[in-house]
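# Remarks on the overall topology
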Amino acid sequence: MSTSRGAERLTRISDHLCYSKTNQQKTLLSPTSAKSLTPIDSFGYVLENDLLTQDQVEFYNQNGYLVVRNLVGKIHLDRYHERFLQICNGEVRVPGLDVMKDVSLRKSKSLEGEKIINKIQNYQYDDVLFEYCCLPGVLKYVECFTGPDIMAAHTMLINKPPDPGTQSSRHPLHQDLHYFPFRPANRIVCSWTAMEKVTRKNGCLVVLPGSHTRELLKHMYPEWKGGVNNVYHGIKDYDPNAPMMHLEMEAGDTVFFHPLLIHGSGTNRTNGFRKAISCHFASSHCYYISVKGTVQEEIAEEVIGIARRKLTNYTPDKLDFTFQDIWKLRQRLVQGVENTL
C-alpha cells in the first residue's frame, strides 16, 4: 500500500494554492495566446495512428464515442474492486481521495460501506487504483486522441448502489467539459471501463451520438424529488426526443468518449451494484482558460466553495486560489512529458 504521494501533496497544499504569479510553473493562457504554443489545436477528433481502423475513426468522428470490448482483464478489475472495498470499509485511508455517499443513503443507520458509497474521486493519489491509468492496453487507445504526452486529469471509481426508490442513483445528462477549465476539447478523452456487467436494468451509460459536435451547454441541478448527488449537474435544456444509445457492456469492456458528448445513466433497479473505473486523460499540451462570464462560471464558484470548506482542515488561513489551481492539483503525468497543463 502506498499513500505517500497523496500525503506529500496535501502537506504542500498551501504552497500550491498561494504561489505568486511570477513563480507559477503552469500558466493560465487564453485560447489565442496558447495556439502559438499548442499546434495540437489544428487536429480533429482523432490523431493519426496505426491502431484504429478506418471504420473506428469514422465512428468516433461521427458519434463521439468508441467501445472496445474486453480491453481490461479480470485480474486488474478484481484488484481495483478489492481496493475499493478497503477504502469503503475504512481499512485504507488515502489523503486527497474523495469518498462520496449517495444523497438518499448517507443518513442511513442500517447501511454502510459499499452500500452507501456511490463514487470515489481523485484516486490518482492511490498507487493501486492509479495503475488503471497506466495500463498499456488503455493508453494505446488514449494516445490516439491525446497524443503521446498524457496527463490523468480526472479520476473516478463509480459505484451505483441499488436505488432506494428515490431514483437518486440516476446521473443527469451532462457534458464532462462543463467541469474542465482546459482546452482544446479534442485532446481530452474519457476512458470508462465496466468492472462488472452493465445493463439497462442496473443503470448503464446513455449517450447522445453526435452531440460532441455541438457547443458546451448550460448546466444546472435538475429538480428531482428524490434529491440530486453533489455536483451532479445536468444540461438545462436538451431535446428529450433526441436519439439515445444505451451502452450495455461486459466486465472489461471500455468506452472512450469525447468531453462534449452528452451522456448520463439511469437508476439501478437491481439488488446488486454497478461499478466502473474511469479516467479523463488530456494532452499535457492542453492549456487553461478563464471561465469567467461563460456557462462554466457557476460550477467554478461551486467547486471553489467546496474546496475552501475542505481546506479549513489543513490551514487556518483564507486561501486565495482559482478553479484552475484546483485542477492543477488533481493531475498526474501518465506518459511522456509535462507541458502547459
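One structure accompanies this document, and this report is about it. This one's a predicted model, so the numbers in the text were calculated from it and none came from an experiment.

Scanning the protein chain from N- to C-terminus turns up eight helices and 16 strands. Taking all 341 residues of the protein chain together, 54% fall into the buried category. Looking at the protein chain alone, contacts between residues at least 24 apart form 85% of all its contacts between residues at least 6 apart. Put simply, the protein chain shows about 15800 Å² of open surface, and 50% of that area lies on carbon and sulfur atoms.

This part is about the packing of aromatic side chains. Considering all chains together, one arrives at nine aromatic pairs under this definition. Consider the rings of Phe180 and Phe182, whose centres lie 5.2 Å apart with planes at 10°: the pair is stacked. What makes Phe180 buried here is its relative accessible area of 1%. Centroid distance Phe182 to Trp327: 5.9 Å. Interplanar angle 75°. Geometry classified as edge-to-face. In this pair, Phe182 is assigned in strand S6 (residues 182-183) and Trp327 in helix H8 (residues 323-330), connecting sequence segments 145 residues apart. Since its relative accessible area comes to 0%, Phe182 is described here as buried. Its relative accessible area of 2% is what places Trp327 among the buried residues. Every member of this aromatic cluster is reached through a ring pair, and the members are Tyr60, Tyr141, Phe145 and Phe256.

A word on the layout of surface pockets. The calculated volume of the second largest pocket comes to roughly 430 Å³. Lining the second largest pocket are 23 residues, and of these Arg170, His171, Pro172, Leu173 and Ser265 lie nearest its centre. Among the elements of the structure, strand S5 (171-174), strand S10 (234-235) and strand S13 (263-265) are those that each provide at least two residues to the lining of the second largest pocket. The greatest single-element share of the lining of the second largest pocket, amounting to three residues, is contributed by S5. Per-class residue counts for the lining of the second largest pocket are 11 nonpolar, eight polar and four charged.

Once that is clear, we can look at the environment of Lys115. Among the secondary structure elements, Lys115 is positioned in the loop between strand S2 (98-101) and strand S3 (117-121). Residue Lys115 is classed as partly exposed on the basis of its relative accessible area, which comes to 49%. Residues Lys115 and Pro162, 47 residues apart in the sequence, show an inter-C-alpha distance of 8.0 Å.

A word on the pattern of salt bridges. Where charged atoms from two side chains of opposite charge approach closely, those side chains can pair. The full count for this structure, using the stated rule, is nine salt bridges. Put simply, Lys74 and Asp78 hold a salt bridge, and the shortest N to O gap is 2.7 Å. Here Lys74 pairs with Asp78, and both are found in helix H5 (residues 74-88), just four residues apart, close to one helical turn. Classification of Lys74 by relative accessible area gives exposed; the value is 60%. The closest approach of N and O atoms between Lys328 and Asp325, which form a salt bridge, is 3.8 Å. On the criterion of helical spacing, the pair formed by Lys328 and Asp325 is a turn pair, its members being three residues apart in helix H8. What makes Lys328 buried here is its relative accessible area of 11%. In this structure Asp325 comes out as buried when scored by relative accessible area, which is 9%.

Analysis parameters
Residues numbered from 1 in each chain as written. Predicted model: local features only at pLDDT ≥ 70, side-chain atom pairs only at ≥ 80, totals over all residues. Heavy atoms only, no water. Helix = DSSP H or I, 4+ residues; strand = E, 2+ residues; numbered from the N terminus. Buried < 20%, exposed > 50% of the residue type's maximum accessible area, 1.4 Å probe, protein only. Contact = heavy atoms within 4.5 Å. Areas by Shrake-Rupley, 256 points an atom, 1.4 Å probe, with all protein chains shown as cover. Phe/Tyr/Trp six-rings, centres within 6.5 Å; stacked < 30°, edge-to-face > 60°. 1 Å grid on protein atoms, 1.4 Å probe; cavity = no way out; pocket = protein on both sides within 12 Å on 5 of 7 lines; lining within 4 Å. Points joined across faces, edges and corners; volume = space filled by probe spheres on them. Nonpolar A, V, L, I, M, F, W, Y, C, P; charged D, E, K, R; others polar. Salt bridge = Lys/Arg side-chain N within 4 Å of Asp/Glu carboxyl O.

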